[in-house]
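Working through the structure, step by step
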Amino acid sequence: MQTIYDLNLKMLEEVLAEYGQKPYRAKQIYHWLYQKRCSSLDEMSDLPAALIDRLKENYCLDPLKELTRQVAKDGTTKYLFAMQDGSSVEAVLMHFHFGDSLCVSSQIGCNMGCSFCASGLLKKQRDLTAGEMAAEVMYVQKELDAVQGRVDNIVIMGTGEPFDNYDNVMRFCEIVNSDHGLAIGARHITISTCGIVPAINAFAKGHYQYNLAVSLHAPNDELRAKLMPVDHAYPLDRLMDALKKYSEDNHRRLTFEYILLHDVNDTDEHAVQLADLIRGMNAYVNLIPYNEVDENGYHTTNEKKALHFYDILMKHGVKATLRSKHGEDIDAACGQLRAKHEMGSQTE
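In this text the structure is predicted, and so the values were computed from the model without any measurement.

Turning to the overall build of the chain, a few remarks are in order. If you tally the helices and strands in the chain, you get 12 helices and 12 strands. The globule rule puts the C-alpha radius of gyration for 348 residues at 20 Å, and the 21 Å found for the chain is close to it. The dimensions of the chain, computed from C-alpha atoms along their principal axes, are 70 × 50 × 35 Å. For the chain, with 348 residues in total, the buried portion stands at 55%. Relative to all contacts within the chain whose residues are 6 or more apart in sequence, the contacts with residues 24 or more apart total 66%. For the chain, the accessible area works out to roughly 15,200 Å², and carbon and sulfur atoms hold 49% of it. For the chain, the centre of its 36 positive side-chain charges and the centre of its 49 negative side-chain charges are spaced 4 Å apart.

This is how it looks when you write it as structure tokens:
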């Protein structure tokens, strides 16, 4: 059954019109969903009983349930959720000095095939709906409510390629950004893509205020094609042209994500090539320590070498950050917990 979280405000007004209800009822329902965070449609006490019954005939509230979770020493919490069709999906809550960030998944499995990524260990089964993504957020937010906490930031960089599920992802962003929804500011929502150029062009034309992050991970096509098959379809020249146009048209700063892989993409030459590739753009590089995945055979760059790589970028005029590790004592890599659960189920 479809979750009511799937409906943006306009869609909900259209549904209510079909039921013979006034448009203001949509904001009432949104208030129950996102401000009061109701746990049942029956709790909507200022709605007519007949309307609640009609909604219950066509929509459920929570389309997921928790299967398991892992909590790291630093407080990072990875959730594994079961969906209504029996598939599973992950979300990760991370604590920073600037607030709590929730990393949500956009697909069940992933077809991008990045060689270092745990998400690709299991191929894509389907896209998540906007409501299923919203349900990931609402589950965690309801837990945070108990400690007067809040999901301050959302990053769509869990399992799946968000721009391979463009329409659902954009509707999800609209719902959580809405003043009548969770009212999470657009600049506190980040969409991460491995470089789907047509979707980047569509995103540019929309003039959204959401942050755009690009998984780069290599400074040249030869290496990037080995690590990320998407480079065969959208090589760096096409990708960079699309990103430059996006940045110029939207006056928005880009983030380039660069996972440091030991003796793969972390040499001085790679750092200089990376600086040459993006120098002059309104962008910075987020250097990311690799969360190792046994099945992939890659290893993370040590801290000394990572700092040296960072220094080279900065000296060549490219701003960079070196992200601290989160959840390294649990199955921290995207898709890792889900893969372990799914593969374990297949052997039982």
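Take the sheet that holds strand S12 (residues 320-322) next. Reading across from one edge, S1-S2-S3-S4-S7-S8-S9-S10-S11-S12 is the order of the 10 strands in this open sheet, with mixed pairing throughout. Each having just a single partner strand, strand S1 (64-71) and S12 make up the two edges of the open sheet. The mean inter-strand angle of the sheet, taken between neighbouring strand axes irrespective of direction, is 25°. Summarising the sheet, S1 and strand S2 (residues 77-83) pair through 7 bridges and their orientation is antiparallel. Across the sheet, residue Glu66 finds its bridge partner in S2, namely Phe81.

Before going further, it helps to spend a moment on the packing of aromatic side chains. Applying the stated rule across the entire model yields 13 aromatic pairs. Relative to Tyr139, the ring of Phe81 lies with its centre 4.9 Å away and its plane at 70°, an arrangement referred to as edge-to-face. Of this pair, Phe81 sits in strand S2 while Tyr139 sits in helix H4 (residues 130-145); the two residues are 58 residues apart in sequence, bridging distant segments of the chain. On the basis of relative accessible area, Tyr139 is assigned to the partly exposed category, the value being 24%. Both rings, one in Phe96 and one in Phe98, keep their centres 4.8 Å apart while their planes meet at 5°; by these two values the pair is stacked.

Remark: helix H10 (residues 268-278) packs on helix H11 (residues 303-315), axes separated minimally by 9 Å, with the N-to-C direction vectors making an angle of 35°. Considering how the two elements wind past one another, H10 and H11 form a crossing that is right-handed. Listed contacts from H11 to Asp268, His270, Ala271, Val272, Leu274 and Ala275 of H10 are His308, Phe309, Ile312 and Leu313.

What follows concerns helix H2 (residues 24-35). Spanning 12 residues, H2 covers 16 Å between terminal C-alpha atoms, matching the ideal 16 Å at 1.5 Å per step. For H2, every residue scored as buried is listed here: Arg25, Ala26, Gln28, Ile29, Tyr30, Trp32, Leu33 and Tyr34. For H2, the secondary structure elements touched by its buried residues are helix H1 (9-18), helix H3 (49-58), H4 and helix H5 (166-177). Arg37, located one to two residues past H2, shows a positive phi value of around 50°.

It is worth spelling out the state of the cysteines at this point. What makes a disulfide is a covalent bond joining the sulfur atoms belonging to two cysteines. Applying the stated criterion across every chain yields a total of 0 disulfides. Counting only cysteine sulfurs, Cys38 is the nearest neighbor of Cys60, a cysteine outside any disulfide, at a range of 12 Å. Classification of Cys60 as buried rests on a relative accessible area of 13%. Distance from the sulfur of Cys173, which forms no disulfide, to the nearest cysteine sulfur (Cys103) is 13 Å.

Turning our attention to H10. For H10, the full list of buried residues reads His270, Ala271, Leu274, Ala275 and Ile278. One side of H10 carries all its buried residues, which in axial view fall inside an arc of 135°. On its buried face, H10 is in contact with helix H7 (221-227), helix H9 (236-250), strand S10 (254-260), strand S11 (283-289) and H11. Positive phi appears at Gly280, one or two residues downstream of H10, with a value of about 95°.

Rules used in this analysis
- Residues numbered from 1 in each chain as written.
- Predicted model: local features only at pLDDT ≥ 70, side-chain atom pairs only at ≥ 80, totals over all residues.
- Heavy atoms only, no water.
- Helix = DSSP H or I, 4+ residues; strand = E, 2+ residues; numbered from the N terminus.
- Rg over C-alpha atoms; globule rule 2.2 N^0.38 Å.
- Buried < 20%, exposed > 50% of the residue type's maximum accessible area, 1.4 Å probe, protein only.
- Contact = heavy atoms within 4.5 Å.
- Areas by Shrake-Rupley, 256 points an atom, 1.4 Å probe, with all protein chains shown as cover.
- Lys, Arg positive; Asp, Glu negative; His and termini not counted.
- Charge placed at Lys NZ, Arg CZ, Asp CG, Glu CD.
- Pairing = 2+ DSSP bridges.
- Axes fitted to C-alpha atoms, helices over the stretch in contact; angles between N-to-C directions.
- Phe/Tyr/Trp six-rings, centres within 6.5 Å; stacked < 30°, edge-to-face > 60°.
- Left-handed = near helix turned anticlockwise from the far one by under 90°.
- Expected span 1.5 Å × (residues − 1).
- Disulfide = S-S within 2.5 Å.
- Arc of directions from axis to C-beta.

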